[in-house]
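# What the coordinates show
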Amino acid sequence: MQVVRGFLSRYGLILALAALPIFYGVKDLTGKHPSLAPLANNLVSGISNGSIWAMIAVGYTLVYGIIELINFAHGDVFMIGSFTSQAFWSLIGVTLATSTFGVIGGLLVTLVVAMVCCGTLNVMIERVAYRPLRNAPKLAPLITAVGFSFILQNVGLLWLGGSQASVDNLIHQGSKVFSIGGVVIHREDVLAVGLTVPLVIALTLFINQSRLGKAMRATAQDPEAARLMGINVDTTISMTFLLGGMLAGAAGLIYALYQTQVWFFQGFRGGLFAFTAAVMGGIGNIRGAVLGGIIIGCIQQISDNRIGPQWTDAIIFGYLIMIMVFRPQGLIGEETREAG
Amino acid sequence: MRARQFGVAACIAVLSLGAAACGSSKKKSSAGSSTTSSGGTVDIYSSLPLQGASKDQTGAMVKGIQLALKEAKSKAGQFTVNYQSLDDSTAQAGSWDPGQTATDARKAVQDSKAVYYIGEFNSGASVVSIPILNQAGIPQVSPANTYPGLTTSGPGTVAGEPDKYYPTGKRTYLRIVPQDRIQAAALLTTMKGDGCTKVAIANDKETYGAGLARLVELQSKAAGVNVVDNTGIEKTAPNFRSYASTVKGKGADCFLFSGVTANGAAQINKDVAAAIPTVKLYGPDGTCESGFTNPAKHGIPATLGKAFKCTVATQDLKAYPGGQKFLASFKAAYGDANPDPYAIYGYEAMKLGLDTIAGLGAKGNDKTAVLAALFATKARSSVLGTYGFDKNGDTTLTDYGLYTFGPDGNPAFSKTIKQGG
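About the criteria used
Residues numbered from 1 in each chain as written. Chains lettered and ligands numbered in written order. Predicted model: local features only at pLDDT ≥ 70, side-chain atom pairs only at ≥ 80, totals over all residues. Heavy atoms only, no water. Buried < 20%, exposed > 50% of the residue type's maximum accessible area, 1.4 Å probe, protein only. Helix = DSSP H or I, 4+ residues; strand = E, 2+ residues; numbered from the N terminus. Contact = heavy atoms within 4.5 Å. Polar contact = N/O pair within 3.5 Å; in protein donor to acceptor, adjacent residues only side chain to side chain. Domains from an automatic or database assignment. Buried area = accessible area lost by both parts, 1.4 Å probe. Salt bridge = Lys/Arg side-chain N within 4 Å of Asp/Glu carboxyl O. Nonpolar A, V, L, I, M, F, W, Y, C, P; charged D, E, K, R; others polar. Axes fitted to C-alpha atoms, helices over the stretch in contact; angles between N-to-C directions. Parallel < 35°, antiparallel > 145°, perpendicular 65-115°, else oblique. Left-handed = near helix turned anticlockwise from the far one by under 90°.

## Comments concerning helix H13 (residues 367-375) of chain B
Residues and elements named next belong to chain B.
- Listed in full, the buried residues belonging to H13 are Ala369, Val370, Leu371, Leu374 and Phe375.
- In this structure, the buried side of H13 is in contact with strand E6 (114-118), strand E7 (140-142), strand E8 (173-175) and helix H12 (343-359).
- For H13, the N-terminal cap is Asp366; the gap from its side-chain oxygen to the backbone nitrogen of Thr368 is 3.0 Å.

## Considerations on the domain arrangement of chain B
All names here are of chain B.
- Here chain B is described as being made up of domain 1 (34-178 + 320-389) and domain 2 (181-312 + 401-417).
- Computed over C-alpha atoms, the centres of domain 1 and domain 2 are 28 Å apart.
- Counting residues at the interface gives 24 residues for domain 1 and 21 residues for domain 2.
- For the pair domain 1 and domain 2, the summed buried area comes to about 1,700 Å², and 52% of that belongs to carbon and sulfur atoms.
- The interface formed by domain 1 and domain 2 contains 1 salt bridge.
- Summed over the shared surface of domain 1 and domain 2, the result is 9 residue pairs in polar contact (both at pLDDT 80 or more).
- Every element with two or more residues in the side of domain 1 that touches domain 2 is listed here: helix H2 (55-71), strand E5 (95-96) and helix H4 (123-136).
- With 3 residues, H4 is the largest single contributor of residues to the side of domain 1 that touches domain 2.
- Class assignment for the residues of the side of domain 1 that touches domain 2 results in 11 nonpolar, 12 polar and 1 charged.

## A word on the packing of helix H3 (residues 74-91) of chain A against helix H9 (residues 233-259) of chain A
All names here are of chain A.
- For the pair H3 and H9, interaxial distance at closest approach is 7 Å and the crossing angle is 55°. Accordingly, the angle class assigned to the pair H3 and H9 is oblique. Here H3 runs over H9; the crossing is right-handed. Along its contact with H3, which presents His74, Val77, Phe78, Gly81, Ser82, Ser85 and Trp89, the element H9 presents Gly244, Gly245, Ala248, Gly249, Ala251, Gly252, Leu253, Tyr255, Ala256 and Leu257.

## Looking at the pattern of salt bridges
- Taken as a whole, this structure holds 16 salt bridges over all chains when the rule is applied.
- When the shortest N-O distance is used, the salt bridge between Arg227 of chain A and Glu224 of chain A registers 3.9 Å. With Arg227 of chain A and Glu224 of chain A both in helix H8 (residues 223-228) and 3 residues apart, the pair spans about one turn of that helix.
- Taking relative accessible area as the criterion, Arg227 of chain A reaches 43% and is therefore assigned partly exposed.
- Between Lys297 of chain B and Asp56 of chain B there is a salt bridge, and its shortest N-O distance comes to 2.7 Å. Of the two residues, Lys297 of chain B sits in the loop between helix H9 (290-293) and helix H10 (302-305) while Asp56 of chain B sits in helix H2, which places them 241 residues apart along the sequence.
- Salt bridges linked by common partners bring Glu126, Arg131, Arg134 and Asp234 of chain A together as one network.

Okay, structure coming up:
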């Protein structure tokens, strides 16, 4: 019994995480046409899909890390990012008939616009709704965040109505870029990973090396001490919301291109997955948020393809519970002020 | 700080008052035309989803209803008619909502002058409203429902239908569109004619979508069409790529989405077409509308539109017996020479009610008499042609129209599909 307990505490989490891929890998290899390509294809789609959740999750984790607030409106900022993106590229005339260079150029401008819009929106939310409640009981900003989530959902509802709105497949999603041994890389995979990786690296560098980044880390550790050291805590917090919002804007653009539809309620599900990713990775930790996002993307793809999409939410949250049981602080979580 | 807080509070108060004002103005405008006279009044309601993907169709229906009322000068025999257009949808759902549908039906039930109820547009919504109206004995006529289980038992329905919708044991529901047994046959005839060898069906799991999919599957063998898959989808899923790859693996060369536009129709068609570029796409009347076919309204892209065909109970409006006259009147009233085909069903639903009430003379305000007269309707000469109702409340009309992607992005009438043809 002692041996089993020791084994589980050491390797239980790894076993739990690998359970689904191992099960289907074995199933594929013992099937009629033994090949690991179907599983690898699921994982490729999972990584690209998970990249979107990762970018949103970073926004959750940044805000939680610095003011210990679960910003429930963050998923809806991501939704506004998608809506802004599709509206802007339509406004500047990027359509299916536009040349490849035109589409690339138009989408790069759209990316900047979506990031600026969502960053600004997030800063405004912080300024209007959270800053006045800085010293209020923790429940006050939490319920305010829920309130802002509903307000943004209603903005989306007024903007494009209650149904899912189809948008142009500008990147020709589903087109193959290349394949290796039956594992196909599509355009949407390249887009999602190709945008997420540099943005997250840039964010990490900014936080680790810039003056404002250091101020953010100092504020996250101890806001009072940071204030005494001359750091403008309010500006630092605003900067955190700006960065989180910008990533949500980028994720919104990728989502619209990846799914080729937008919906006023997409932020609820996306936000829930991203928040779960942040908790799974260890809330307050950027690398943890990215890892959590990718794990959730992979579980989601395997579940959607192999088990059935109606079970996906339950499976994802089942995984979260397992991880919390083995590592309550998340996969690579650190002790927060609250926990410490 | 206090001044700032006061400012925020004042802003919220102003916004709330603005929202309240908008809400109340909408309520007033929904009342429609209404006059009273000493000859007595009767109340007629319509309950349709006026928001979301079907709003073009239902907006046209309401205009058709109002046109019929205007032509009758708001009179039905000796009675003045008060008409109220109710909305069974919510903005959040983007489609019909069970709670809102029940609220609409209860509003009519609480009105002692209510003698006629036009609705619902969605069969699933009628599942909610029929029992409520049935208990009050209010005659209900649907201008759009096609699910067979609302009126009949047998293939394509579920156990207990239709009796479970009529708690009094007496029928109170009729419809002026042919039901889905005929639509399923029309779809299969089209698919067979187009050379489909393996058909994949996805349904939206609603009463209408799942029921029609069941019927197509049941009738496919007799029609000589091979259905390789019939799956209920999660309508809010962000994409259906795994489903598309599954049906591709089954060798499907034709795809039918059985459901309404609001339930993921555009996305699933796009995903299936991306996985199987040569696939032929089909849809029933739930997707045979501009919200699905028109890219400008966030429908499917024009490239897919060319591969899409759909069936709807309406024919070429000009070909109807009173079609030309109806179109001229519609244009004169609304300035629209090319209304959604469902406009004529709204028009006929109201005209049927007005004629029935007028035909009863002094008993026109008696809902029991109106109900009996409706069921007794045989060989009625109308803009839809000559029709009557059987004992179940089903119309004797049987033709379906085939529509393709028109040059303006909207469905365009192609040809009539005769029952058994």
